[in-house]
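# Geometric and topological summary
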Amino acid sequence: MSPFMLIGVTIAVLAVISIILRVTTKKSPKRTTEEPIDQTQEQEGKKGKKKGTKPPAATTTTTAQPSEQKSLKQLIKQENLHKKQLKAAKKVDPNHPDYYHSFKGFSAPISGCDIDSDKRFAAVCALDSTFRVFKIPKRIDMKVEFPFTQQKIDFYNPQAISISDSAKYIAVAVDGANTIQIYQYRDNPNPTTDDDQASGEIKFYFQFKNGIHKNTVNRVYINPKATFVVTAATGGDDTMIKAWSLRGENLFTFNTSQIKTNNMTRSPDGRFLGVATWASEGELLELKAAPDGTLKDLSKAMNLKGHKLETVDIAIDQKNERAVSLSKDKTIKLWNINVRYEVQEDTKCLGTIELTKHEDFKDASISKIGTLSLYSMNDDNLMALSCQNEIIIYSWKKQKVIQRIDNAHVEGATISNLMLVDFRGVLTVTSSGEDARVNIWKVHV
């Protein structure tokens, strides 16, 4: 074969191979899926999806994750917008004649507040993953900023908080792990003026094992001598009330056996726990402690019998003589609990408010009333209750409302907790709100 013929055959073979390669490439593309996916999405956006056209399998996987991330971002954006709207709404009037002060500086709704028995310290936690220990001046009406120490809680949001005497120990219920954390606080008696967090020092002490309750722990109480902690998970089917040592040892467990626990509160001295349950009768549990604070028993002491539907909230006065209970039967009852319960003497109902018939409460439905507090003085029982962002002070002796604090928190910020507190002879009511602050108000007596 001549050289010219060999060259011609070679060119012909190369041409055939080139044609075969082009046909094969069209039938079985080996490109990345990014370009076809983008083209398919662009065509669908302009013309709609063609009938019978199936996008590559990678399309679902590629678009699902960004879709989920976008949804999460939207939720976060909505939550942040809600917070901004609350802050932008009407502010609490600092010139209000009944306004004293606020525990503030948080960026999310308040989830817990506690004041020690000596009224020297307050611990406040919020859903911005922080809590603060505030030092309270000798006069609550002093127009000064309260010194504080702040603690950040990594990975968790605090759901409730409690402090011992002098804030020596702090118990914080945290979400996610269904557990609590214990912190130690050391006071600085001479804080510097140029340090915003100069009131003391907070140190992590101990975390209980995860899952100490079936549901999120949202009620916690540490006794004044810091020898035990009590926990509960309200709002769900976890009906256990548990007592622990500060190192996480389970001391006692009480089961209400009432389908669900609506709320758990404590008496000011920490002797009794008020437990509102699905049942129509509330329960008072007694924490029997030795003089050194060692817990000896946790057991039922009394029942509050008389409601027709489940109880929602219970409050006990500072003398352990009276209690009030709120029920879904649209009534509030006052009880004499100064009875010989050791020999099975029953509590006595001293009065009933029918919310739908009482002139002062016609607009206060059960869904609007958030929480109760009770304080006894001068042969009278003063009851504080919240109605959305309003505080109502009721005299059981006079059987009427004696004080209303309108717009105690900004519009749209529901009050989550109330406490009637005597600050060295000055009776106040503290209110925790969704507007990221705890306000302190004067009570007219």
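For the structure itself, look to the data block above.
Residue indices begin from 1 for each chain and proceed along its sequence in written order. Local features in a predicted model are, by the rule used here, given only for residues with pLDDT of at least 70; side-chain atom pairs are given and counted only at 80 or more, and totals for whole chains, interfaces and linings are based on all residues. Excluding hydrogens and water, the side-chain values take into account all heavy atoms of the structure.

## Let's talk about the sheet that holds strand β17 (residues 295-304)
The pairing criterion for strands is at least two bridges between them, as found by DSSP. Helix and strand assignments come from DSSP, with helices taken as H or I runs of at least 4 residues and strands as E runs of at least 2, each series counted from the N terminus. On the basis of which strands lie adjacent, the open sheet formed by 4 strands has the order β14-β15-β16-β17 and antiparallel pairing. Either end of the sheet is taken by a strand with one partner, and the two such strands are β14 (261-266) and β17. Recorded for the sheet is a direction-independent mean angle of 20 degrees between the axes of neighbouring strands. As defined by bridge partners, strand β15 (residues 272-277) adjoins strand β16 (residues 282-289) across 4 bridges and the pair is classed as antiparallel. With axes taken as lines fitted to C-alpha atoms, and helix axes fitted only over the stretch in contact, angles between N-to-C directions fall between 0 and 180 degrees.

## Let's talk about the pairing of strand β26 (residues 415-423)
Direction of pairing for β26 relative to strand β27 (residues 426-433): antiparallel, over a ladder of 8 bridges. In the sheet register, Val421 faces β27, and the bridge partner there is Thr428. Linking β26 back to β27 in an antiparallel pair, the connection comprises 2 residues, with Arg424 at a positive phi of about 50 degrees.

## Topic: unusual backbone geometry
Located in the positive-phi region is Asn178, a residue other than glycine, with phi close to 50 degrees. Within the fold, Asn178 resides in the loop between β7 (169-174) and β8 (179-187). In this structure, Lys330 is a non-glycine residue whose phi angle is positive, near 70 degrees. Tracing the backbone through its elements, the reader meets Lys330 in the loop between β19 (322-327) and β20 (331-336).

## Digging into the packing of aromatic side chains
Any two of the Phe, Tyr and Trp rings considered here, Trp counted by its six-membered ring, make a pair once their centres fall within 6.5 Å; the pair's planes then place it as stacked at under 30 degrees, edge-to-face at over 60, or tilted in between. Here the structure, examined in full by the defined rule, presents 15 aromatic pairs. Arranged with centres 5.0 Å apart and planes meeting at 40 degrees, the rings of Phe103 and Phe134 form a pair that is tilted. Taken together, the residues Phe103 in strand β1 (residues 99-103) and Phe134 in strand β4 (residues 130-135) connect sequence positions 31 residues apart. Exposure classes here rest on a 1.4 Å probe applied to the protein chains alone. A residue is buried below 20% of its type maximum, exposed above 50%, and partly exposed in between. You can call Phe103 buried: its relative accessible area is 0%. You can call Phe134 buried: its relative accessible area is 3%. Ring geometry for Phe361 and Tyr394: centres 5.7 Å apart, planes at 55 degrees, overall tilted. Placement of Phe361 in the loop between β21 (348-354) and β22 (369-377) and of Tyr394 in strand β24 (residues 390-395) is noted, with a sequence separation of 33 residues between them. Owing to a relative accessible area of 0%, Phe361 belongs among the buried residues under this scheme. For Tyr394, a relative accessible area of 2% puts it in the buried group. Taken together, the ring pairs connect Phe103, Phe106, Phe134, Phe146 and Phe148 into an aromatic cluster.

## A closer look at the sheet that holds β1
Strand pairing in a sheet takes place through backbone hydrogen bonds and is either antiparallel or parallel in direction. Taken in spatial order, the 4 strands of this open sheet run β1-β28-β27-β26, and their pairing is antiparallel. Unpaired on one side and paired on the other, β1 and β26 mark the two borders of the sheet. Here the strands of the sheet are splayed against their neighbours by 20 degrees on average, with no regard to which way each runs.

## Here's the deal with the environment of Asp406
Checked against the element boundaries, Asp406 lands in the loop between β25 (400-405) and β26. When its relative accessible area of 45% is taken as the criterion, Asp406 is described as partly exposed. Between the C-alpha atom of Asp406 and that of Asn389, which follows or precedes it by 17 residues, the distance is 7.2 Å.

## Notes on the pattern of salt bridges
Definition used for salt bridges: Asp or Glu carboxyl oxygen within 4 Å of a side-chain nitrogen of Lys or Arg. Taken as a whole, this structure holds 14 salt bridges when the rule is applied. For Asp187, the salt bridge identified is with Lys135, shortest N-O distance 3.3 Å. One end of the pair, Asp187, is in strand β8; the other, Lys135, is in strand β4, with 52 residues separating them in the sequence. Given a relative accessible area of 26%, Asp187 falls into the partly exposed group. Since its relative accessible area comes to 17%, Lys135 is described here as buried. For Glu345, the salt bridge goes to Arg340, with nearest N and O atoms at 3.2 Å. We classify Glu345 as partly exposed; its relative accessible area is 25%. Using a relative accessible area of 58% as the deciding quantity, one classes Arg340 as exposed. Among the charged side chains, a network of salt bridges with common partners joins Lys260, Glu310 and Lys328.

## Thoughts on the nonpolar core
Membership of the largest hydrophobic core comes to 20 residues, with the highest contact counts inside it found for Phe103, Val124 and Phe134. Only β1, β2 (110-115), β3 (121-126), β26 and β28 (438-442) provide two or more residues apiece to this core. Discounting chain neighbours no more than four positions away, the residues touching Val124 are Phe103, Phe106, Ile110, Gly112, Cys113, Thr130, Phe131, Arg132, Phe134, Ile161 and Val438. One finds Ile353, Leu385, Tyr394 and Val401 within the second-largest nonpolar core, a separate group that totals 19 residues. Residues belong to a common nonpolar core when they are buried Ala, Val, Leu, Ile, Met, Phe, Trp, Tyr or Cys residues joined through side-chain atoms within 4.5 Å. Whether two residues touch is decided by their heavy atoms; if any such pair falls within 4.5 Å, the residues are in contact.

## Concerning the pairing of strand β23 (residues 380-387)
With 8 of its 8 residues buried, β23 lies for the most part within the structure. Here β23 shows a buried face lined by Asp380, Leu382, Ala384 and Ser386 and a second buried face lined by Asn381, Met383, Leu385 and Cys387. When β22 meets β23, the two strands line up antiparallel, connected through 7 bridges. Along β23, the bridge assignment pairs Tyr375 with Leu382. From the end of β22 to the start of β23, which pair antiparallel, there are 2 residues, and Asn378 there has a positive phi angle of about 50 degrees. Bridge analysis of β23 against β24 gives 6 bridges, and the strand direction is antiparallel. Counterpart to Leu382 in the pairing with β24 is Ser395. Hairpin remark: β23 followed by β24, antiparallel, with 2 residues in the connecting loop; positive phi at Gln388, about 60 degrees.

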